[in-house]
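Now for the letters of each chain:
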Amino acid sequence: MAWLWRAGAKFSLVASAVGGGVTTALIATSDDPETALKLCTTVPHRLFSDAVTAASIAFDYEYSLWGLPDGSIDRERIKHEVHLRSAQKLQHLCFKNGGVYIKLGQHLGQLEYLVPEEYVQTMRESMLNKCPVSSYEQVCNVFKRELGDTPDKIFSEFDPVPIASASLAQVHVARMHDGQKVAVKVQHTHMTDTAAADHATVELVVNTLHRFFPSFDYRWLIDEISESLPKELDFLTEAKNSERCLDNFHKLSPHIANYVYAPKVYWNLSTSKLLTMEFMDGAYVNDVKTIQKLGIDLHELSTLVSQTFAEMMFKHGFVHCDPHSANLLVRPLPSSKTSIWGRKKPQLILLDHGLYKELDFQTRTNYASLWKGLVFADANAIKEYSAKLGAGEDLYALFAGVLTMRPWNRVVDPSMDHLVIQGDENERLELQMYASQYFHQISELLRRLPRVILLMLKTNDCLRAVNNSLSQGSSLETFFIIGKVSSEAVIEAKMLQSKSLLTWLNVKLDKILLEVRLWGMQMALWVLQLRKALSWSNQPL
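Residues numbered from 1 in each chain as written. Predicted model: local features only at pLDDT ≥ 70, side-chain atom pairs only at ≥ 80, totals over all residues. Heavy atoms only, no water.

- As annotated in an unreviewed UniProt entry, the protein chain is ABC1 atypical kinase-like domain-containing protein from Phaseolus vulgaris.
- Here is the UniProt Sequence similarities (unreviewed entry) comment for the protein chain, exactly as written: "Belongs to the protein kinase superfamily. ADCK protein kinase family." (UniProt positions renumbered as here; feature names shortened; annotations may be inferred.)

Below, the structure written as structure tokens:
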């Protein structure tokens with residue numbers, strides 16, 4: 001965070017001047033003066049808040065750590081306190097500005113490999129379930145504009161208090177006139193006016209910091225916001241995504257299609273800013289106690305989560321890129337019966353389908369090949385496919401580390417559990433040290449990678465957080481699933497590309513060898529599970 005010490009002061013000096021220039025330019029060149037005027041009244045205010053926060057954080061680091069020698073116990077203790085205060089200041093700024101800033105705060109909460117733990121924990125604990133709430137009057141205004149009447153007229157019942165609120169919208173429970181219970185997603189009214197202003201402000205902040213500190217290059221974030229935000233603000237696109245997602249499972253992954261679900265969309269009561277869906281009862285995927293009360297095995301659920309997204313990434317090429325815990329519900333599979341052990345099969349319910357990414361055939365195949373190499377500790381494959389995905393020939397080890405949260409010596413370790421993360425304190429400290437040591441290289445890696453792969457990293461981070469809540473780390477079963485699905489996807493791609501009998505026979509041989517290898521992994525997993533069961537049965541009551 002050394003760059004931040006100086007960035008805040010410099011940024012504070014230029015923000016007002018640049019903001020004034022942006023204001024004048026927007027009004028002078030805009031084809032929509034009214035929208036431009038809204039931007040120009042919002043951008044300077046946002047810039048001032050950003051500048052004050054950045055300067056405050058910069059001064060805190062500079063003053064608090066002054067004179068404390070590197071590596072000393074006192075410096076580490078004080079640094080922890082400053083990290084925590086600074087994270088809380090950023091949290092306050094995100095809530096104050098709302099909208100896109102909360103989305104960025106949520107993303108920050110997933111970047112374990114790039115920012116101190118204090119920032120990760122502060123953002124992760126607050127940004128998913130403490131978002132600003134629109135008033136009922138604002139909700140009614142949205143209904144009048146979109147459907148021509150207030151919610152109490154459109155529905156037989158409508159709860160004015162939302163059951164959930166996110167960065168872009170909030171969800172209300174309602175009941176249709178035929179008695180059907182539904183969930184109604186209503187876009188925050190301020191998003192229409194402030195989304196463009198937020199984008200302009202964040203773009204200015206990132207570009208200004210990059211000008212002063214070239215190693216701080218997050219301009220890719222601006223490109224990603226420019227592309228993804230309009231799609232997330234169009235709820236009809238979200239509705240289409242949810243239906244396409246389920247259709248992909250039924251067509252391409254029928255073996256798990258019944259275990260994955262998305263709420264039914266009521267198209268006659270949905271617009272670009274209102275989305276009416278089937279109401280879903282279920283536990284959030286990180287609510288371990290409730291899930292256990294439902295009779296669902298946590299490891300089985302963790303495996304289902306991993307398989308669901310592995311199928312999306314490696315076989316469908318159409319990926320839900322925001323699978324944080326608030327967007328994943330779980331319930332017992334409606335058609336399943338309770339086993340003799342009192343267990344029920346889980347069904348994963350996917351919510352919030354606003355952010356999807358499509359992987360073209362080549363990218364999807366290369367990404368699957370990379371993960372196959374990671375699971376089977378194939379150094380040559382990792383180097384080859386890291387380069388093909390944009391990491392270059394010099395940052396393949398770092399790319400592997402960002403994907404797996406494992407140092408290179410563990411990535412290429414031939415032991416079966418080489419990628420398993422235990423989630424203990426020693427591993428956490430090792431990860432933070434690794435992130436601090438390679439901060440500039442990680443920034444360079446993120447600059448190089450295509451945006452679609454950056455979204456895969458974000459998805460990967462979200463899934464890691466989910467699995468950590470279910471398994472207190474990552475499990476061998478998770479990597480068995482990833483290895484199996486990615487390998488199958490590679491074989492399928494080779495079969496499609498085989499143009500001669502010899503090539504086809506080679507692919508068939510690869511498939512046989514793969515099945516033998518996977519069978520060996522499955523045997524080892526069964527032995528491991530048997531040992532765990534025996535150790536539990538031998539524990540004193």
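### Side note on the overall build of the protein chain
Then comes step 1: What the protein chain contains, in helices and strands, is 21 helices and 11 strands.
Then comes step 2: Residues classed as buried in the protein chain amount to 53% of the 541 residues present.
Then comes step 3: Considering only contacts in the protein chain between residues 6 or more positions apart, those separated by 24 or more positions represent 70%.
Then comes step 4: Entry remark: accessible area of the protein chain is about 25400 Å², with carbon and sulfur atoms responsible for 57%. (Helix = DSSP H or I, 4+ residues; strand = E, 2+ residues; numbered from the N terminus. Buried < 20%, exposed > 50% of the residue type's maximum accessible area, 1.4 Å probe, protein only. Contact = heavy atoms within 4.5 Å. Areas by Shrake-Rupley, 256 points an atom, 1.4 Å probe, with all protein chains shown as cover.)

### Quick notes on the sheet that holds strand E9 (residues 328–332)
Then comes step 1: Strand order in the open sheet made by the 4 strands is E5-E10-E9-E7, with mixed pairing throughout. Edge positions in the sheet fall to strand E5 (260–261) and strand E7 (283–284), since each has one partner strand and no second.
Then comes step 2: The pairing of E9 with strand E10 (residues 346–350) spans 5 bridges and is classified as antiparallel. Paired with Leu328 across the two strands is Leu350, which belongs to E10. (Pairing = 2+ DSSP bridges.)

### Concerning the packing of helix H13 (residues 361–375) against helix H19 (residues 451–471)
Then comes step 1: Look at H13 against H19: their axes get within 12 Å of each other, and the N-to-C directions meet at 45°. Viewed along their axes, H13 and H19 adopt a mutual orientation that is oblique. Regarding H13 and H19, the two cross each other, and that crossing is right-handed. From H13, Thr363, Tyr367 and Trp371 reach across to H19, where they touch Val452, Ile453, Met456 and Asn460.
Then comes step 2: When grouped by side-chain class, the residues that make up the contact of H13 with H19 number 5 nonpolar, 2 polar and no charged. (Axes fitted to C-alpha atoms, helices over the stretch in contact; angles between N-to-C directions. Parallel < 35°, antiparallel > 145°, perpendicular 65-115°, else oblique. Left-handed = near helix turned anticlockwise from the far one by under 90°. Nonpolar A, V, L, I, M, F, W, Y, C, P; charged D, E, K, R; others polar.)

### So, unusual backbone geometry
Then comes step 1: Despite not being glycine, Asp352 shows a phi value in the positive range, around 55°.
Then comes step 2: Inspection of the secondary structure assignment puts Asp352 in the loop between E10 and strand E11 (356–358).
Then comes step 3: Phi angles above zero are rare outside glycine, and Ala377 is one such case at about 55°.
Then comes step 4: Of note, Ala377 is situated in the loop between H13 and helix H14 (379–388).

### Considering the packing of helix H3 (residues 73–97) against helix H4 (residues 100–108)
Then comes step 1: Direction vectors running N to C along H3 and H4 enclose 145°, while the axes themselves pass 7 Å from each other. Judged by residue contacts, Leu90, Cys94, Phe95 and Asn97 of H3 engage Tyr101, Ile102, Gly105 and Leu108 from H4.
Then comes step 2: By residue class, the composition of the contact of H3 with H4 is 6 nonpolar, 2 polar and no charged.

### Let's talk about the nonpolar core
Then comes step 1: In terms of nonpolar packing, the biggest core is built from 76 residues, with Phe309, Phe314, Tyr367, Trp371, Leu374 and Phe399 touching the most fellow members.
Then comes step 2: What Phe399 contacts, discounting residues up to four positions off in sequence, is Leu370, Ser386, Leu389, Ala391, Leu445, Leu449, Ile453 and Leu457.
Then comes step 3: Membership of the second largest hydrophobic core comes to 23 residues, among which are Cys94, Val100, Ile222 and Ile225. (Core = buried A, V, L, I, M, F, W, Y, C linked by side-chain atoms within 4.5 Å.)

### Describing the packing of aromatic side chains
Any aromatic ring pair is given by two values, namely how distant the centres are and how the planes are angled relative to each other.
Then comes step 1: Applying the stated rule across the entire model yields 8 aromatic pairs.
Then comes step 2: Ring geometry for Phe314 versus Tyr367: centroids 5.8 Å apart, planes at 45°, classification tilted. With a gap of 53 residues between them, Phe314 in helix H12 (residues 298–316) and Tyr367 in helix H13 connect regions that are remote in the sequence.
Then comes step 3: Grouped by ring-pair contacts, the aromatic residues Tyr136, Phe143, Phe155 and Phe158 constitute a single cluster.
Then comes step 4: Between the NZ or CZ atom of Lys185 and the centre of the ring of Phe235, over which it lies, the distance is 5.0 Å.
Then comes step 5: Positioned over the ring face of Tyr261 is Arg331, at 5.1 Å from the centre of the ring. (Phe/Tyr/Trp six-rings, centres within 6.5 Å; stacked < 30°, edge-to-face > 60°. Lys NZ or Arg CZ within 6 Å of the ring centre and 35° of its normal.)

### Quick notes on the pattern of salt bridges
Then comes step 1: For the structure shown, the criterion picks out 24 salt bridges.
Then comes step 2: Across the pair Arg447 and Glu444 runs a salt bridge, and its minimum N-O distance is 2.7 Å. Of this pair, Arg447 and Glu444 are both found in helix H18 (residues 439–448), 3 residues apart, which corresponds to roughly one turn of the helix.
Then comes step 3: Glu488 is the salt-bridge partner of Lys484, the closest N and O atoms lying 2.7 Å from each other. Remark: Glu488 and Lys484 occur in helix H20 (residues 476–497); sequence separation between them is 4 residues, near one turn of the helix.
Then comes step 4: The exposure class of Glu488 is partly exposed, given its relative accessible area of 23%. (Salt bridge = Lys/Arg side-chain N within 4 Å of Asp/Glu carboxyl O.)

### What about a nonpolar patch on the surface?
Then comes step 1: A contiguous nonpolar patch, built from Leu501, Trp504 and Leu505 and spanning about 300 Å² of accessible area, is present on the exposed surface.
Then comes step 2: Its location among the elements puts Trp504 in helix H21 (residues 501–537). (Patch = residues over 30% accessible without salt bridge, like charges linked within 9 Å, V, L, I, M, F, W, Y side chains within 5 Å.)

### Focus on the environment of Leu294
Then comes step 1: If you trace the backbone, Leu294 turns up in the loop between helix H11 (288–293) and H12.
Then comes step 2: Since its relative accessible area comes to 28%, Leu294 is described here as partly exposed.
Then comes step 3: With 50 residues separating them in the primary sequence, Leu294 and Lys344 have C-alpha atoms 7.7 Å apart.
Then comes step 4: Contact partners of Leu294, with chain neighbours within four places excluded, come to Ala283, Val330, Pro332 and Lys344.

### Some points on the pairing of strand E6 (residues 274–278)
Then comes step 1: For E6, the buried fraction is high: 5 of the 5 residues fall into the buried class.
Then comes step 2: Relative to E6, strand E4 (residues 181–187) is paired through 5 bridges, and the arrangement is antiparallel. If you follow Val182 over to E6, its bridge partner there is Glu278.

### Re the pairing of strand E3 (residues 169–175)
Then comes step 1: Among the 7 residues in E3, 6 count as buried, and that is most of the element.
Then comes step 2: Pairing analysis gives 2 bridges linking strand E1 (residues 157–158) to E3, with the strands arranged antiparallel. Bridged to Phe158 within E3 is Ala174.
Then comes step 3: As paired elements, strand E2 (residues 164–165) and E3 share 2 bridges and run antiparallel to each other. Residue Ala164 lies in a different strand from E3, and its bridge partner there is Val171.
Then comes step 4: The antiparallel hairpin formed by E2 and E3 contains 3 residues in its connecting segment.
Then comes step 5: One ladder, built from 7 bridges, connects E3 with E4; its direction is antiparallel.

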